[in-house]
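# Architecture at a glance
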Amino acid sequence: MSEIHGAVGSYVANALDPDERREFEKHLAVCPTCSREVAEFSETAAELSSLVQAPPPPMLRSAVLSSIQQVRPLPPLPEDGPEAEPRRAAGMARTEPDGSSAPVDELALRRQRRTARVLSLAVAAAMVVALAMGGWVVNLVQQRQTQAAEAALETQLLSAPDAKVYASKMPDGTPVSFVVSKSMSKAMFVGADMPDPGGDQLYKLWMVPPGAGAQPVGDNTFSGGGSRKVWMQSGIADAAGLAVSVEKDANTPQPTTTPVVVPI
Amino acid sequence: MNMNISAGFGSGDTPRAGHRTTQLPSQTGQPPPSRGRDAEAEHLIDLITRASRGHEDAFAELYDLTSARIYGLIVRVLRSAEHSAEVTQEVYVEIWRQSARYDSSKGSVLAWMTTMAHRRAVDRVRSVTSETARDEKYALRTVDRDVDQVWDGVEQTLDVERVRKGMGSLTAIQREALTLAYFGGYTQSQVAQLLKLPLGTVKTRIRDGLIGLRDALGVEA
Ligand SMILES: [Zn+2]
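## As for the overall build of chain B
When helices and strands are counted, chain B shows 9 helices and 0 strands. Secondary structure of chain B in N-to-C order comes out as α-α-α-α-α-α-α-α-α. Put simply, of all contacts in chain B between residues at least 6 apart along the chain, 63% involve residues at least 24 apart. Carbon and sulfur atoms make up 48% of the accessible area of chain B, which totals about 9100 Å².

## A few points about the overall build of chain A
Looking only at helices and strands, one finds 7 helices and 8 strands in chain A. Looking at chain A as a whole, 56% of its 264 residues are labelled buried. When contacts within chain A are restricted to residue pairs at least 6 apart in sequence, long-range pairs at least 24 apart make up 56% of them. With an accessible surface of roughly 11400 Å², chain A has 55% of that area assigned to carbon and sulfur atoms.

## Focus: the coordination of the zinc ion
Residue and element names in this part refer to chain A. Protein coordination at the zinc ion: the donors are H5 (ND1), H27 (NE2), C31 (SG) and C34 (SG), at 2.0 to 2.3 Å from the metal. Every donor counted, the 4 donor atoms about the zinc ion form angles of 104 to 116° at the centre, which fits tetrahedral coordination. One chain supplies every donor to the zinc ion, and in sequence these donors are spaced H-x21-H-x3-C-x2-C. Using a relative accessible area of 6% as the deciding quantity, one classes C31 as buried.

## Describing the packing of helix α3 (residues 32–48) of chain A against helix α9 (residues 199–217) of chain B
When two helices pack together, you describe them by how their axes are tilted relative to each other and by the distance separating the axes. Viewed as axis vectors pointing N to C, α3(A) and α9(B) meet at an angle of 75°, and their least axial separation amounts to 9 Å. Here α3(A) lies roughly perpendicular to α9(B), going by the angle between them. Side by side, α3(A) and α9(B) meet where E37(A), E40(A), F41(A), T44(A), E47(A) and L48(A) of the first sit next to R207(B), L210(B), I211(B), L213(B), R214(B) and L217(B) of the second. Classifying every residue of the contact of α3(A) with α9(B) gives 6 nonpolar, 1 polar and 5 charged.

## Overview of the pattern of salt bridges
One pass over the structure, following the stated rule, counts 15 salt bridges over all chains. Look at the salt bridges and you will find they share partners, linking E86(B), E90(B), E94(B), R97(B), R120(B) and R124(B) into a network.

## A word on helix α2 (residues 18–28) of chain A
Each turn of an α-helix holds 3.6 residues, which means side chains three or four residues apart point in the same direction. Residues and elements named next belong to chain A. Those residues of α2 lying buried are E20, R21, F24, E25, H27 and L28. Seen end-on, α2 carries its buried residues on one side only, within an arc spanning 155°. Exposed side of α2, more than 90 degrees from the buried face: P18, D19, E23 and K26 are the residues found there.

## A look at the packing of α2(A) against α3(A)
Residue and element names in this part refer to chain A. α3 packs onto α2 with a crossing angle of 115° between their chain directions and a minimal axis gap of 8 Å. Considering their axes alone, α2 and α3 lie roughly perpendicular with respect to each other. Contacts from F24, H27 and L28 of α2 reach α3 at C34, S35 and V38.

## Observations regarding the packing of aromatic side chains
Counted by the stated rule, this structure contains 8 aromatic pairs over all chains. When the ring of Y11(A) is compared with that of F24(A), the centres are 4.9 Å apart and the planes differ by 40°; the resulting orientation is tilted. Taken as a pair, Y11(A) in helix α1 (residues 8–12) and F24(A) in helix α2 lie far apart in primary sequence, 13 residues in all. Both residues of the pair, Y11(A) and F24(A), count as buried. Seen in terms of ring centroids, Y203(A) and F222(A) are 5.3 Å apart; in terms of plane orientation they differ by 20°. Their pairing is stacked. Residue Y203(A) is found in strand β4 (residues 202–208), and its partner F222(A) is found in strand β5 (residues 215–222); the two are separated by 19 residues along the sequence. Given a relative accessible area of 4%, Y203(A) falls into the buried group. Through a chain of ring-to-ring contacts, the aromatic side chains of F59(B), Y63(B), Y92(B) and W96(B) assemble into a single cluster.

## Focus on the pairing of strand β2 (residues 175–181) of chain A
Residue and element names in this part refer to chain A. Of all the 7 residues making up β2, 6 are buried; the element is thus mostly covered by neighbouring parts of the structure. Taken together, the 6 bridges between strand β1 (residues 164–169) and β2 define a ladder with antiparallel strand orientation. Bridge assignment links K169 to a residue of β2, and that residue is P175. Taken together, β1 and the strand that follows it, β2, pair antiparallel across an intervening segment of 5 residues, in which G173 is found at a positive phi of about 95°.

## Concerning the confidence of the model for chain B
Residue and element names in this part refer to chain B. Averaged over every residue, the pLDDT of chain B is 77; residues scoring 70 or more account for 70%. Averaged over each element, pLDDT in chain B is lowest for helix α5 (residues 136–152) (41) and highest for α9 (96). Taken together, the stretch residues 1–34 has pLDDT below 50 and engages in 84 contacts with residues farther than four places along the chain or on a different chain. Counting interchain partners and residues more than four positions distant, the pLDDT-below-50 stretch residues 131–156 has 42 contacts. On the interface metric, ipTM, the complex scores 0.77, and its pTM is 0.58.

## Side note on the environment of G224(A)
Residue and element names in this part refer to chain A. Locating G224 in the fold gives a position in the loop between β5 and β6 (226–232). For G224, a relative accessible area of 14% puts it in the buried group. Between the C-alpha atom of G224 and that of M194, which follows or precedes it by 30 residues, the distance is 5.1 Å. With residues near it in sequence (within four places) discarded, G224 still touches M194, P195, D196, P197 and Y203.

## A short note on unusual backbone geometry
Note: most peptide bonds trans; most residues except glycine with negative phi. All names here are of chain A. Unlike most non-glycine residues, S185 shows phi in positive territory, near 55°. Counting through the fold element by element, S185 comes out in the loop between β2 and β3 (186–194). Relative accessible area serves as the criterion here: at 18%, S185 is assigned to the buried category. In this structure, D200 is a non-glycine residue whose phi angle is positive, near 60°. Here D200 is to be found in the loop between β3 and β4.

Rules behind the numbers
Residue indices begin from 1 for each chain and proceed along its sequence in written order. Here every chain gets a letter starting at A, and every ligand a number starting at 1, in the order they are written. Where totals are concerned, whole chains, interfaces and linings use all residues; where local detail is concerned, this predicted model gives features only for residues with pLDDT of at least 70, and gives and counts side-chain atom pairs only at 80 or more. For side-chain calculations, the full set of non-hydrogen atoms in the structure is used, while hydrogens and water are omitted. Helix numbers and strand numbers start at the N terminus; a helix is a DSSP run of H or I with at least 4 residues, a strand a run of E with at least 2. The contact criterion used throughout is that any non-hydrogen atoms of two residues lie within 4.5 Å. Surface accessibility follows the Shrake-Rupley procedure with a 1.4 Å probe radius. Residue values consider only the protein chains on display as shielding. We call a residue buried when its accessible area falls under 20% of the maximum for its residue type, exposed when it is over 50%, and partly exposed in between, using a 1.4 Å probe and counting protein chains only. Sodium, potassium and calcium take a 3.2 Å donor cutoff, other metals 2.8 Å, and in both cases only N, O and S atoms count; water is not among them, so sites may look incomplete. Any site counts as irregular unless it has four donors with all angles between 85 and 135 degrees, making it tetrahedral, or four or six donors with opposite ones more than 155 degrees apart and the rest between 65 and 115, making it square planar or octahedral. Interaxial angle, 0 to 180 degrees, is taken between N-to-C directions of lines fitted to C-alpha atoms, where a helix line uses only the stretch in contact. The scheme is simple: roughly parallel for angles under 35 degrees, roughly antiparallel for over 145, roughly perpendicular for 65 to 115, oblique for anything else. Polarity classes work like this: nonpolar for Ala, Val, Leu, Ile, Met, Phe, Trp, Tyr, Cys and Pro, charged for Asp, Glu, Lys and Arg, and polar for all others, with Gly in that last group. Here a salt bridge means any side-chain nitrogen of Lys or Arg lying within 4 Å of a carboxyl oxygen belonging to Asp or Glu. Think of the arc as the fan of directions from the helix axis to the C-beta atoms. Aromatic rings from Phe, Tyr and Trp, taking only the six-membered ring of Trp, are treated as a pair when their centres fall within 6.5 Å; an angle between ring planes under 30 degrees marks them as stacked, one over 60 as edge-to-face, and anything in between as tilted. A pair of strands is treated as paired once DSSP finds two or more bridges between them. The quantity called pLDDT is the predictor's confidence in a given residue, expressed from 0 to 100.

Have a look at this one:
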């Protein structure tokens with residue numbers, strides 16, 4: 001058996017580096033034996049996943065279901081497309097984002113990689129929208145710049161069993177959300193695209209106790225101009241609502257403009 | 001919003017991200033494993049077909065039936081709850097997008113989904129670790145634990161027991177090479193370094209491991 005056949009296991013286990021993978025895929029396109037093994041090993045590998053099952057954070061479900069609403073499924077591949085061999089098993093292991101499983105050549109690979117990059121940006125953008133609309137986004141692009149401790153806290157909040165997302169709109173129509181866990185007594189304000197309120201004004205967050213007026217909460221003012229995530233770290237367990245308003249004075253003890261209130 | 005994850009062949013009610021548990025509610029009885037598995041596979045084909053026509057409810061059921069496997073696999077490779085949730089979400093959006101392009105003549109839905117998830121998880125590992133090269137010592141320290149965790153972290157159920165037995169039929173070195181490559185997300189060259197074996201040997205062990213497991217599980221493609 002030639003050396004190249006031997007890489008089939010590593011190919012299915014995604015254990016080839018990019019050069020090795022390219023080389024193997026050239027071979028795969030012309031080797032029925034390897035194509036069959038790729039198909040069989042892919043089934044075998046799928047069974048391995050039963051050994052490591054773990055329940056996902058509960059909110060991931062609503063995040064997924066709300067983000068697919070922004071994404072149109074691709075049409076089926078044309079029957080008589082470039083894929084001349086109808087049972088080419090290799091396609092199964094090559095699930096590039098544009099869905100093509102055509103025999104691999106350099107150009108196609110490069111095109112696929114470009115599509116992959118564009119797509120992940122598009123998905124990220126769709127997710128920002130999904131979050132602001134009441135879906136849930138796990139981390140977005142900012143994750144990479146976020147402090148580790150904060151990221152961990154965020155994950156904790158998002159994976160809390162009682163975590164809920166409350167969506168609302170600012171008076172100008174900007175969608176905003178509060179992610180709330182009463183058991184953790186924490187909440188996070190999220191705005192995907194907060195406009196600058198103008199005239200030296202700020203946004204300020206409030207907590208509304210049952211039967212009382214809004215109170216400032218935590219480190220609670222922020223400026224506009226982009227996406228914002230702001231923690232509300234105390235007193236959330238007892239709150240009846242959360243609110244955000246536009247203020248001139250960061251230290252005002254009460255809202256001076258009509259706040260957007262979300263009952264929780 | 002509905003936050004329930006209904007019982008499938010792989011979902012539980014433990015909400016901790018990254019905590020390794022395994023619950024297989026639908027398999028606690030004793031259905032004949034092969035028939036139940038075939039019926040499940042057919043059902044997944046039905047769900048993905050309906051999803052490809054835009055039925056979100058079918059996709060939701062597909063998620064419920066597969067998310068513990070997909071998320072579990074991604075967590076296992078990435079070992080980061082934050083990255084794993086993000087990658088899992090990307091994978092499911094991608095599955096939705098490509099649902100019309102799933103071809104049942106090429107393999108099972110689960111294999112199609114798992115392939116996509118594993119590939120993305122590995123891509124993420126490599127893009128993260130290329131910035132901060134993975135600490136060799138850490139890697140070496142965790143080799144044994146890796147293998148052990150796969151063995152210990154799993155409850156005894158019929159389906160899992162089959163796979164465990166299959167892994168048990170491999171030689172120690174086949175098992176180790178396969179585990180490091182598939183669950184560890186290492187390249188075959190890294191596996192060779194970790195196990196201090198020639199690359200050619202590792203390549204062969206990974207393939208032999210998959211052949212052994214395939215034969216033990218009686219998988220027909
Ligand atoms: Zn070959």
